[in-house]
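Each chain is listed here by its residues.
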Amino acid sequence: MSPQQQQVRKGLWLGLLGIVIFSVTLPMTRLAVGTPDAPQMSGVFIAMGRALVAAALSALFLRATRAPLPRRADLGPLLITSAGVVFGFPLFTSVAMRYVEAVHASVIVGVLPLATAAVGALLHRQRPSSGFWGCAALGSALVVAFAMLRSGNGTGGLAIHFADLLLLAAMLCAAVGYGYGARLSQQMRAEHVICWALLIALPLTLPLTVLSWPAGPLKASAWWGFAYVAVFSMWLGFFAWYRGLALGGTVRVSQVQLVQPFLSMLVSVPLLGERLDAVTVGFGLAVIATVFAGKKMPVHTARLAAAQTPQQG
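Residues numbered from 1 in each chain as written. Predicted model: local features only at pLDDT ≥ 70, side-chain atom pairs only at ≥ 80, totals over all residues. Heavy atoms only, no water.

### Describing the packing of helix α8 (residues 162-184) against helix α11 (residues 220-248)
Link 1 in the chain: Relative orientation of the contacting elements α8 and α11 amounts to 70°, with a least axis distance of 8 Å. The orientation of α8 with respect to α11, classified from their angle, is roughly perpendicular. For the crossing formed where α8 meets α11, the hand is right-handed. Contact residues: α8 offers Gly 177, Tyr 178, Gly 181 and Ala 182, while α11 offers Phe 238, Trp 241, Tyr 242, Leu 245 and Ala 246. (Axes fitted to C-alpha atoms, helices over the stretch in contact; angles between N-to-C directions. Helix = DSSP H or I, 4+ residues; strand = E, 2+ residues; numbered from the N terminus. Parallel < 35°, antiparallel > 145°, perpendicular 65-115°, else oblique. Left-handed = near helix turned anticlockwise from the far one by under 90°. Contact = heavy atoms within 4.5 Å.)

What follows is the structure, encoded as structure tokens:
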């Protein structure tokens, strides 16, 4: 195995580790936000509070690792990264999760790999083969078909309501944040990328957390859910994810996200009491098969120097 192949393999494994961590995000968010009948934390508090906690951890980590200040040229990409993964994705998903079950939200996540691959191809000048795009499209089509099948039980089709639109907007924000964060990870430590993105957001996340602080007592389970999304989803997961994207290439590594919806469902069953049946398992196996098929398809990657060339964005 060549050094380049070893690097790609390492990137895929790190990407998978990040996705395993992220796959618990939606169920834990549902636990923290509650339901319309039994509301817990507000979506704004979960999104801003998790960023505030992660920013405090980031400040300690940056100091411990003697991280240099970001270059002036990196501030723009850092702001875009922050807008996508510190504000957009957490806020949209946290608000939406009060109104949809974690299983439903998990299948909407199925559009994320294709969106991330598209952003990555644009930013990193990676040219996937038609076979690669075919596998990505097939995997995405499978999860969309699953969503339609599930939503069709008693409704006659996939009902697009405001929560679904919020989830789709969250996927777009995540794809942009992932793409720009991965590009920054080629120039600085992957761990430092998310840390600086969180610190840049602090002037907004701190006051918004205070203003949205829960007024009454909450269940302990809500605080456990909040703790997970603050420490793991908002911080540690990005350590592995951004490093994986940088090593293996955004286009290729993004395809491991195809397993995220089904990992989320597996967590939702014991945590939230939601149902997992043969249809879900069957779709999960089919989607995982497209991941392995896509992994073997060629992706032509630009040299590092080209990837670091300033681009409009």
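### A few points about the nonpolar core
Among soluble globular proteins, nonpolar side chains are generally buried collectively.
Link 1 in the chain: The biggest cluster of nonpolar side chains holds 81 residues, and the ones touching the most others in it are Val 86, Tyr 178, Ile 194, Leu 198, Phe 238, Trp 241 and Tyr 242.
Link 2 in the chain: In contact with Phe 238, other than residues within four places in its own chain, are Phe 22, Val 85, Tyr 178, Ile 194, Ser 233 and Arg 243. (Core = buried A, V, L, I, M, F, W, Y, C linked by side-chain atoms within 4.5 Å. Buried < 20%, exposed > 50% of the residue type's maximum accessible area, 1.4 Å probe, protein only.)

### Observations concerning the packing of aromatic side chains
Link 1 in the chain: With the rule as written, the count across this model stands at 15 aromatic pairs.
Link 2 in the chain: Measuring from ring centre to ring centre gives 6.2 Å for Trp 213 and Trp 223, while their planes differ by 45°; the resulting arrangement is tilted. In this pair, Trp 213 sits in the loop between α10 (202-211) and α11 while Trp 223 sits in helix α11, placing the two residues ten residues apart along the sequence.
Link 3 in the chain: Look at Trp 223 and you get partly exposed, because its relative accessible area is 33%.
Link 4 in the chain: Ring geometry for Tyr 228 and Phe 232: centres 5.0 Å apart, planes at 15°, overall stacked. Taken as a pair, Tyr 228 and Phe 232 lie in helix α11 at a separation of four residues, close to a single helical turn.
Link 5 in the chain: Using a relative accessible area of 15% as the deciding quantity, one classes Tyr 228 as buried.
Link 6 in the chain: Put simply, the rings of Phe 22, Tyr 178, Phe 238, Trp 241 and Tyr 242 touch in pairs and so form one group of aromatic residues. (Phe/Tyr/Trp six-rings, centres within 6.5 Å; stacked < 30°, edge-to-face > 60°.)

### As for the packing of helix α2 (residues 25-33) against helix α3 (residues 43-64)
Link 1 in the chain: Relative to each other, α2 and α3 sit at 125°, their axes nearing to 10 Å. With respect to α3, the element α2 is oriented oblique. The chirality of how α2 crosses α3 is right-handed. Within the contact between the two elements, α2 uses Thr 25, Thr 29, Ala 32 and Val 33 and α3 uses Gly 43, Ile 46 and Arg 50.
Link 2 in the chain: Looking at the contact of α2 with α3 residue by residue, the classes come out as three nonpolar, three polar and one charged. (Nonpolar A, V, L, I, M, F, W, Y, C, P; charged D, E, K, R; others polar.)

### What about the pattern of salt bridges?
Link 1 in the chain: A complete count under the given rule lists two salt bridges for this structure.
Link 2 in the chain: One salt bridge in this structure joins Arg 71 and Asp 74, with 3.2 Å as the shortest N-O distance.
Link 3 in the chain: Note on Arg 71: relative accessible area 48%, which makes it partly exposed.
Link 4 in the chain: Classification of Asp 74 as buried rests on a relative accessible area of 4%.
Link 5 in the chain: Between Glu 191 and Arg 189 there is a salt bridge, and its shortest N-O distance comes to 3.5 Å. (Salt bridge = Lys/Arg side-chain N within 4 Å of Asp/Glu carboxyl O.)

### Observations regarding the environment of Leu 276
Link 1 in the chain: Along the chain, the position of Leu 276 falls in the loop between α13 (260-272) and α14 (278-295).
Link 2 in the chain: When neighbours within four sequence positions are excluded, Leu 276 is seen to be in contact with Met 265, Leu 266, Val 269 and Val 281.

### Describing a nonpolar patch on the surface
Link 1 in the chain: Together, Val 44, Leu 204, Leu 208 and Leu 211 make up a nonpolar patch on the protein surface, roughly 370 Å² of accessible area in all.
Link 2 in the chain: When residues of the nonpolar patch are assigned to their parent elements, the largest contribution, three residues, is made by α10.
Link 3 in the chain: Position of Val 44 relative to the elements: it lies in helix α3.
Link 4 in the chain: Assessed through its relative accessible area of 33%, Val 44 is described here as partly exposed. (Patch = residues over 30% accessible without salt bridge, like charges linked within 9 Å, V, L, I, M, F, W, Y side chains within 5 Å. Areas by Shrake-Rupley, 256 points an atom, 1.4 Å probe, with all protein chains shown as cover.)

### Some points on unusual backbone geometry
Link 1 in the chain: You will see that Arg 66, though not glycine, has its phi angle at about 55°, which is positive.
Link 2 in the chain: Its location among the elements puts Arg 66 in the loop between α3 and α4 (75-96).
Link 3 in the chain: Taking the relative accessible area as the measure of exposure, Arg 66 reaches 76% and is therefore exposed.

### Section: the confidence of the model for the chain
Low-confidence regions, as indicated by low pLDDT, have predicted coordinates that should not be scrutinised in detail.
Link 1 in the chain: Chain-level pLDDT for the chain is 86 on average; 91% of the residues reach the 70-or-more range.
Link 2 in the chain: Note on residues 304-313: pLDDT under 50 across the span, and 14 contacts to partners over four residues away in sequence or across chains. (pLDDT = per-residue confidence, 0-100.)

### Digging into empty space enclosed by the protein
Link 1 in the chain: The tally for this structure, following the rule as stated, stands at one cavity of 30 Å³ or more.
Link 2 in the chain: Its volume calculated, the largest cavity comes out at about 120 Å³.
Link 3 in the chain: In terms of lining, the largest cavity is formed by Phe 22, Thr 25, Arg 50, Val 85, Phe 89, Val 109, Leu 112, Met 171, Tyr 178, Ser 233, Phe 238 and Gln 260.
Link 4 in the chain: Only α4, α8 and α11 provide two or more residues apiece to the lining of the largest cavity.
Link 5 in the chain: Looking at the lining of the largest cavity, its residues break down into eight nonpolar, three polar and one charged. (1 Å grid on protein atoms, 1.4 Å probe; cavity = no way out; pocket = protein on both sides within 12 Å on 5 of 7 lines; lining within 4 Å. Points joined across faces, edges and corners; volume = space filled by probe spheres on them.)

### Describing the environment of Arg 50
Link 1 in the chain: Mapping Arg 50 onto the fold places it in helix α3.
Link 2 in the chain: With relative accessibility at 2%, the residue Arg 50 sits in the buried group.
Link 3 in the chain: For Arg 50 and Val 86, which are 36 residues apart along the polypeptide, the C-alpha to C-alpha distance reads 8.9 Å.

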